[in-house]
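Remarks on the overall topology
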Amino acid sequence: MKNSIKNIFTILSILAFSVSFAQNIEGTITDSQKAPLEAANVVVKGTTISTITDSSGHFSLDTKSKKLPLTILVQYVGYKTTEIEITTLPAPLLQIALKEENELIEVVVSSRRRIEKVQDIPIAVSVVTGKQAEQAGAFNVNRIKELVPSVQLYSSNPRNTGINIRGLGSPYGLTNDGIDPGVGFYVDGVYYARPAATTLDFVDVERIEVLRGPQGSLFGKNTTSGAFNIATRKPSFTSGADLEVSYGNYAFLQAKASVTGALSKKIAGRLSFSGTQRDGLIDNTATGRATNTLNNQGIRGQLLYTPSENTNIILAADITTQRPDGYAQVIAGVAPTKRAAYRQFDAIITDLNYQLPSRNAFDRKIDQDTPWRSGQDMGGISFNVDTKIGGGTLTSTTAWRFWNWDPSNDRDFTGLQVLAKSQNPTRQTQITQEVRYAGQLTSKISGVAGVFFIDQTSQTNGTEESGSAQWRFSQSTTSNLWKTPGLFEGYGIKTDARIRASSAAVFGQLDWAITDRLHVLPGVRYNFDKKEANYKRTTYGGLQTTDPALIALKKLVYTDQAFDSSTDDTDFSGNLTLIYKFSDKINAYATYAKSYKPVGVNVAGLPTPPADKTLADLAVIKPEDVNHYELGVKTSPFRNSILNLTLFNTEIKDFQTNVQAAELGVNRGYLANADKVRVRGAELDASFVINSHFSINAAGTYTEGQYVKFTNAPLPLEDTGLVIDGKAVNYKDVSGSDLPGVSKWAGSLGGEYTKNARFFGNAGKFFIALDSYARSEFSSSPSASKYLIVPGYAIFNARLGFRATDGLSINFWGRNILNKDYYEQLLPAGGNAGHYAAVLGDQRTYGITLKYSL
């Protein structure tokens, strides 16, 4: 990666920036109370031309015939640096009021497809700026959950990643391509259909907006649980560059770079790069080296064309690669099942003369003999046009994206050759088109209306193959035929799974100002979805025999299976919001939303259907029917403070959930519908700037997630093999039990102390900060198992250093500084022999980040 970083920096260095003529610029610098600021520094950005203000705050800057456009930087210790772009001369006399460094910024967002203050909009939304994410070390979505506790992200590898908000969004467990995620993921207006995008590094992010609750009338793709709306930094006609390098323990190395500037009078460009590498955090005694490394690289390029002052056109392209030796899981424990004694995990490994390298997951030792590989490539190109028409903006976003997944897993989690191969490489492509208009329609009515289309295809060509120990894990009788040499060795399945999914929608929302204080916001959506799936698996290998008894044993492990399914559905949904502004400091709203998640199809192996059903019946998953209620109040109780409270209740009929089959041939799990679930709770967001030195931010959530009715749930791990009255029991009524992945309590708390300082001649701030994140215990199984409960935990992160807007910044950081041992997820091994594995949270990491801005 080091050579790649060097090449990227070489590319960045050759960008040229345009300029045109200029002359003297004059103005006055004051604070927010209009008091003049003496000795404020005024600089022409990217040059050595500068001056300082006099005792009345006045300055006169000789630009020495520099060409336009140019940018004036105003800097004063203890105040935020301000940039003023000069496009015409002679320039008017500038009146610039600087804001104090610790003044709470009124964050603006584009969540409702127009620029608004976050405190004014009737949506529960959390905003993390790019700078905040960088300072907290949150370089991907998985770390954003530590700043926004309503977010849950679970990833046993990039493909098997689920992102939830308020406990809803994706089925908990292994990913199935046949359903849509309930949490939308957008980057610069482009919808990313694959949840694997959430595992990749951020590249030059400006802000991350996390919207909570259904958003079907605002976004192109329907989202039942919320959305991530990510905006990257756009090209600028003013030249600038940021270079950043981080070093840490476990050979952590991360490099970021971004450069922008004008290429002509109407064209500007931005090129951004991010690369991350790190040694492994888990020792593999079988290979003698550490696994679970990081090896990510991403590059993003943008061209901005401004044919007129009312039109912006952006052409963007990006590609990201990930080549870790990683995502290995560690055996966390063994659950006794209801199977016969000889079928218990410990009896099995004793017969095979095998012992685990450790019974303590936090020894971080494995001996897995199948290589772990999690290679993925993701990228695309987009074309965005924004043009002002009347009182609003017409936007067209056209995009093509791809995702290539190349994995290898050891799904038995041991050093035994149970599953010698487990790999399902996938190729996915998508085309999206969205056209929308947002703006002021009349003096009393504003809103957004649009159309959206997506067409995506996904193809998986998988292989799963048994090894020499398969016979003992699959043995279900005491017959000696199971010991037949070579019966299962090399016996496996080849899978060809294909899906094509298309969706089209018309959506819109109005904002009717009945009075200055009372607004009514109705929203509607009409959607059409179609899905076609083809699944075929073929057995191969193993002992070639004509003995019916031996063939029957092989079929107990794998069978041929094929099914085709095609389904479509239409849906009309909507929402109604009332908002009342009690004062400039109190804003309250109430929302009802009727939403849905589209019909789904299974594109993985299915269990043997019950007598009254066929494979085709199991293949189609009914759509979710969502009813959502929300009350919120946004307040600013005193200067430089925010205190927001949200209450929510969401009920879902035909909840799409992931279940685990006892049959080895479907150990990846499959989809089914739970009759009804309910999630309700409360969220609190707070930010306080106490004085010019201290600031505090906090967020907390209380969530109750429950299966209201789920009578045909899969058995918990410990009930595998349950027999009642001589009959095998395959399902359990788990009505009233907790939803998986949902902690009742979760929260974050952070504080920062700053002090004016200079470092290598640069004015800036010394800072020291502490952040914490905590959550209570949660179930890690679709059907609650006492063995698959993740204990609650709390982690603490710290940082200190010097921060400057321009010039050199330095940041010493530590994550999980108390070295807390914790699980992020627990999951049973294929075949349900009783052993289960863990996705471990990272141990203590620390390092230094150097950043230079021009």
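Residues numbered from 1 in each chain as written. Predicted model: local features only at pLDDT ≥ 70, side-chain atom pairs only at ≥ 80, totals over all residues. Heavy atoms only, no water.

Describing the overall build of the chain
Put simply, the rule is: Helix numbers and strand numbers start at the N terminus; a helix is a DSSP run of H or I with at least 4 residues, a strand a run of E with at least 2. Radius of gyration here uses only the C-alpha atoms, and the compact-globule reference equals 2.2 Å multiplied by the residue count raised to the power 0.38. Three labels apply to residues, based on accessible area from a 1.4 Å probe with only protein chains included: buried if under 20% of the type maximum, exposed if over 50%, partly exposed otherwise in between. Residue contacts follow a heavy-atom distance rule, with two residues in contact if any of their heavy atoms lie within 4.5 Å.
Across its full length, the chain holds seven helices and 53 strands. Compactness check: the chain gives a C-alpha radius of gyration of 29 Å against a globular reference of 29 Å for 854 residues, within 12% of the reference. Expressed as lengths along the three principal axes of its C-alpha atoms, the size of the chain is roughly 100 × 60 × 45 Å. Taking all 854 residues of the chain together, 56% fall into the buried category. Residue pairs in contact within the chain that sit at least 24 positions apart in sequence constitute 70% of those at least 6 positions apart.

Side note on the confidence of the model for the chain
Applicable threshold: A score from 0 to 100, pLDDT tells how confident the predictor is in each residue.
Mean pLDDT over the chain works out to 87, with 92% of the residues at or above the 70 mark. Of all secondary-structure elements in the chain, the lowest mean pLDDT belongs to helix H1 (residues 2-13), at 51, while strand S48 (residues 789-790) reaches the highest, 96.

Observations regarding the pairing of strand S53 (residues 845-853)
For clarity, the threshold we go by: Pairing between strands requires that DSSP locate at least two bridges from one strand to the other.
Where strand S17 (residues 240-248) lies against S53, seven bridges are found, and the strand directions are antiparallel. Across the sheet, residue valine 245 finds its bridge partner in S53, namely leucine 850. In terms of strand pairing, strand S50 (residues 807-815) meets S53 through nine bridges, oriented antiparallel. Note that in S53 the partner of phenylalanine 812 across the bridge is isoleucine 848.

Observations concerning the environment of glycine 189
Looking at the element boundaries, glycine 189 is found in the loop between strand S13 (183-187) and strand S14 (190-191). Owing to a relative accessible area of 13%, glycine 189 belongs among the buried residues under this scheme. A C-alpha to C-alpha distance of 9.5 Å links glycine 189 and threonine 398, two positions 209 residues apart in sequence. Apart from the residues lying within four places of it in its own chain, the contact partners of glycine 189 are Thr397 and Glu434.

Examining the nonpolar core
Soluble, globular proteins show a tendency: their nonpolar side chains are buried together. Applied cut-off: Take the buried Ala, Val, Leu, Ile, Met, Phe, Trp, Tyr and Cys residues and link them wherever side-chain atoms come within 4.5 Å; each set so joined is a nonpolar core.
Ranked by size, the top nonpolar core spans 35 residues in total, and within it Phe473, Tyr823 and Leu826 carry the most contacts. Sorting elements by how many residues they give to this core places strand S52 (residues 835-840) first, with five residues. Once you skip the residues sitting within four places of it in the chain, leucine 826 turns out to touch Ala332, Ser780, Tyr787, Leu788, Ile789, Val790, Tyr836, Ala837 and Ala838.

Re the packing of aromatic side chains
Here is the rule we go by: For this analysis, a ring pair means two rings from Phe, Tyr or Trp (six-membered ring only for Trp) whose centres lie within 6.5 Å, classed as stacked if their planes differ by under 30 degrees, edge-to-face if by over 60, and tilted for the remaining angles.
By the definition in use, this model includes 22 aromatic pairs. Ring centres of tyrosine 592 and tyrosine 629 lie 5.1 Å apart, and the angle between their planes is 45 degrees; on these two criteria the pair is classed as tilted. Here tyrosine 629 lies in strand S37 (residues 624-635) and tyrosine 592 lies in strand S34 (residues 586-597), a separation of 37 residues in the sequence. Geometrically, the ring pair formed by tyrosine 773 and tyrosine 793 is edge-to-face, given 6.4 Å between the ring centres and 65 degrees between the ring planes. Taken together, the positions of tyrosine 773 in strand S46 (residues 762-775) and tyrosine 793 in strand S49 (residues 793-803) put the pair 20 residues apart, joining distant regions of the chain.

Concerning the sheet that holds strand S25 (residues 365-366)
One open sheet accounts for three strands, arranged S21-S20-S25; its pairing is mixed. In this open sheet, the two edge strands, each paired with only one partner strand, are strand S21 (289-291) and S25. In the sheet, strand S20 (residues 282-284) pairs with S21 via three bridges, with the strands oriented antiparallel. Directly across from asparagine 284, in S21, lies its bridge partner arginine 289.

Examining the side chain of arginine 472
Looking at the element boundaries, arginine 472 is found in helix H5 (residues 470-474). Of the residues examined, arginine 472 reaches a relative accessible area of 2% and is grouped as buried. The contacts of arginine 472, once residues within four sequence positions are left out, are Tyr342, Ala347, Ile348, Asp351 and Leu352.

With respect to the pattern of salt bridges
Quick reminder of the rule: Definition used for salt bridges: Asp or Glu carboxyl oxygen within 4 Å of a side-chain nitrogen of Lys or Arg.
Scanning all chains against the criterion turns up 38 salt bridges. Arginine 300 serves as the salt-bridge partner of aspartate 188, at 2.7 Å between the closest nitrogen and oxygen. Taken together, the residues span a long stretch of sequence, with aspartate 188 in the loop between S13 and S14 and arginine 300 in strand S22 (residues 294-308) at a distance of 112 residues. Assessed through its relative accessible area of 8%, arginine 300 is described here as buried.

Examining the sheet that holds strand S5 (residues 70-75)
Just so we agree on the cut-off: Angles shown run from 0 to 180 degrees and are taken between the N-to-C directions of axes, each axis being a line fitted to C-alpha atoms and, for helices, limited to the stretch in contact.
Pairing is antiparallel across the open sheet formed by four strands, whose spatial order is S3-S2-S5-S6. For this open sheet the edge positions go to strand S3 (50-52) and strand S6 (82-86), each flanked by a neighbour on one side alone. In this sheet, adjacent strand axes meet at a mean angle of 20 degrees when their direction is disregarded. In terms of strand pairing, S5 meets S6 through five bridges, oriented antiparallel. Its bridge partner lying in S6, isoleucine 72 is registered against isoleucine 84.

Some points on helix H6 (residues 548-557)
Inclusion rule: Throughout, the arc means that of the directions going from the helix axis to the C-beta atoms. Polar contact criterion, stated in full: a pair of N or O atoms within 3.5 Å, where within protein one must be able to donate a hydrogen and the other to accept it, and residues adjacent in sequence count only if both atoms are side-chain atoms.
Buried within H6 are the following residues: Leu550, Leu553, Lys554 and Val557. Along the long axis of H6, the arc covered by the buried residues comes to 100 degrees, so they all point the same way. Of the exposed residues in H6, the ones pointing more than 90 degrees away from its buried face are Pro548, Lys555 and Leu556. Capping the start of H6, aspartate 547 holds a side-chain oxygen 2.9 Å from the backbone nitrogen of alanine 549, two or three residues further along.

So, the side chain of serine 503
Position of serine 503 relative to the elements: it lies in strand S31 (residues 492-513). Since its relative accessible area comes to 4%, serine 503 is described here as buried. Polar side-chain contacts of serine 503 include one of 3.1 Å to the side chain of asparagine 527. In terms of polar contacts, serine 503 uses its side chain to reach the side chain of aspartate 529, at 2.9 Å. Discounting chain neighbours no more than four positions away, the residues touching serine 503 are Lys221, Phe452, Phe453, Ile454, Asn527, Phe528 and Asp529.

Looking at the pairing of strand S51 (residues 823-828)
Side chains on a regular strand alternate between the two faces of the sheet. S51 sits mainly inside the fold: five of its six residues count as buried. Note that S51 and S52 share five bridges and pair antiparallel. Bridge pairing links glutamine 825 to valine 839 in S52. Remark: six residues form the turn of the hairpin made by S51 and S52, two consecutive strands paired antiparallel; glycine 831 in that turn has positive phi of roughly 90 degrees.

Describing unusual backbone geometry
A positive phi is found at arginine 166, a non-glycine position, where the angle reads about 60 degrees. Note on placement: arginine 166 falls in the loop between strand S12 (161-165) and S13. A residue is classified by how much of its surface remains accessible, and arginine 166, at 4% relative accessible area, is buried. Despite not being glycine, aspartate 188 shows a phi value in the positive range, around 50 degrees.

Digging into a nonpolar patch on the surface
Rule in force here: To count toward a patch, a residue needs a relative accessible area above 30% and no salt bridge. Like charges then connect within 9 Å, nonpolar side chains (Val, Leu, Ile, Met, Phe, Trp, Tyr) within 5 Å. Each accessible area is a Shrake-Rupley estimate made with a 1.4 Å probe; only the visible protein chains count as cover when residues are assessed.
A cluster of nonpolar side chains, contributed by Leu263, Ile267, Leu303, Tyr305, Leu315, Ile381, Phe383, Trp400 and Ile431, occupies part of the molecular surface with about 780 Å² of accessible area. Listed by contribution, the elements that provide at least two residues to the nonpolar patch are S22 and strand S26 (373-389). Relative to the helices and strands, tyrosine 305 is located in strand S22. For tyrosine 305, a relative accessible area of 38% puts it in the partly exposed group.

Concerning the environment of tyrosine 154
Take tyrosine 154: it is sitting in strand S11 (residues 151-155). Separated by ten residues in sequence, tyrosine 154 and asparagine 164 place their C-alpha atoms 8.6 Å apart. Residue contacts for tyrosine 154: discarding those within four places in its chain leaves Asn160, Thr161, Gly162, Tyr172, Gly741, Val742, Arg775, Phe778, Glu824 and Gln825. In this structure the side chain of tyrosine 154 is engaged in a polar contact, spanning 3.1 Å, whose partner is the side chain of arginine 775.

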